[in-house]
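What follows is the residue order along each chain.
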Amino acid sequence: MFNTMTMYRLTALQYLPIAPREAWNFLSKPENIQKITPRHMGFEILSGAEGPMYEGQIIHYTVAPFPGFRTRWVTEITHLREGSYFVDEQRFGPYSFWHHKHFVSEVANGTEMRDIIDYKLPLGFMGNLAQTLFVRRQLTGIFQYREKTLEATFGTLPGRPSELNIETI
């Protein structure tokens, strides 16, 4: 039923009625991650978020993925094309593998934001069971919160519905 090498992919697509530069300026500031993460996650940046984002940047966080469990998370910005995309990869943290691509591109009357996260949970069978029991639901909730927060901040682009999907790869 569960493969110990199971990888998952979350894809999220959202459209905002703002210029790509404005979307980029918001998303490429690490301190804004806290604004678009649900409060119950206890997300806090400890260091590395000062100044503009750059390749090689190391950012230290703490996060509480579920009640009673707080962990440190260290990511590195491994790729960046100003105004277009950046990639953050977990170096230490709750996942065995975490590779998150953030894309910003222009569409008619606004901006398309696309996220692709490839991830793997630790603990083999137990990690895959956790994916089924709560990780999938938690990641979905985080991105739904993010979508609502960005819509409240920037508005919506009519006729362009958001999409969110998690699949096994």
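Look a little higher up for the structure.
We now turn to the structure provided with this report. Remember, it's a predicted structure, so these values are computed and weren't measured experimentally.

1. Here's the deal with a nonpolar patch on the surface
Here comes step 1: A cluster of nonpolar side chains, contributed by F66, F69, L133 and F134, occupies part of the molecular surface with about 350 Å² of accessible area.
Here comes step 2: Along the chain, F66 falls in strand β3 (residues 58-66).

2. Considering the nonpolar core
Here comes step 1: Of all hydrophobic cores here, the largest spans 37 residues; its most connected members are L10, Y95, W98, Y119, V135, L139 and L150.
Here comes step 2: Breaking this core down by element, the ones donating at least two residues are β1 (8-16), α1 (20-27), β3, β4 (69-81), β6 (97-107), β7 (110-120) and α3 (125-154).
Here comes step 3: Residue contributions to this core peak at 7 residues, all from α3.
Here comes step 4: Residues within four places of L139 in sequence aside, it is in contact with L10, Y95, W98, Y119 and I166.

3. Digging into the layout of surface pockets
Here comes step 1: Taken as a whole, the largest pocket holds about 830 Å³ of empty space.
Here comes step 2: Forming the walls of the largest pocket are 39 residues, and the residues nearest its centre are W73, Y95, W98, L139 and I142.
Here comes step 3: For the lining of the largest pocket, the secondary structure elements donating two or more residues are α1, α2 (31-35), β3, β4, β5 (85-92), β6 and α3.
Here comes step 4: Split into classes, the residues belonging to the lining of the largest pocket amount to 30 nonpolar, 7 polar and 2 charged.

About the thresholds
Residues numbered from 1 in each chain as written. Predicted model: local features only at pLDDT ≥ 70, side-chain atom pairs only at ≥ 80, totals over all residues. Heavy atoms only, no water. Patch = residues over 30% accessible without salt bridge, like charges linked within 9 Å, V, L, I, M, F, W, Y side chains within 5 Å. Areas by Shrake-Rupley, 256 points an atom, 1.4 Å probe, with all protein chains shown as cover. Salt bridge = Lys/Arg side-chain N within 4 Å of Asp/Glu carboxyl O. Helix = DSSP H or I, 4+ residues; strand = E, 2+ residues; numbered from the N terminus. Core = buried A, V, L, I, M, F, W, Y, C linked by side-chain atoms within 4.5 Å. Buried < 20%, exposed > 50% of the residue type's maximum accessible area, 1.4 Å probe, protein only. Contact = heavy atoms within 4.5 Å. 1 Å grid on protein atoms, 1.4 Å probe; cavity = no way out; pocket = protein on both sides within 12 Å on 5 of 7 lines; lining within 4 Å. Points joined across faces, edges and corners; volume = space filled by probe spheres on them. Nonpolar A, V, L, I, M, F, W, Y, C, P; charged D, E, K, R; others polar.

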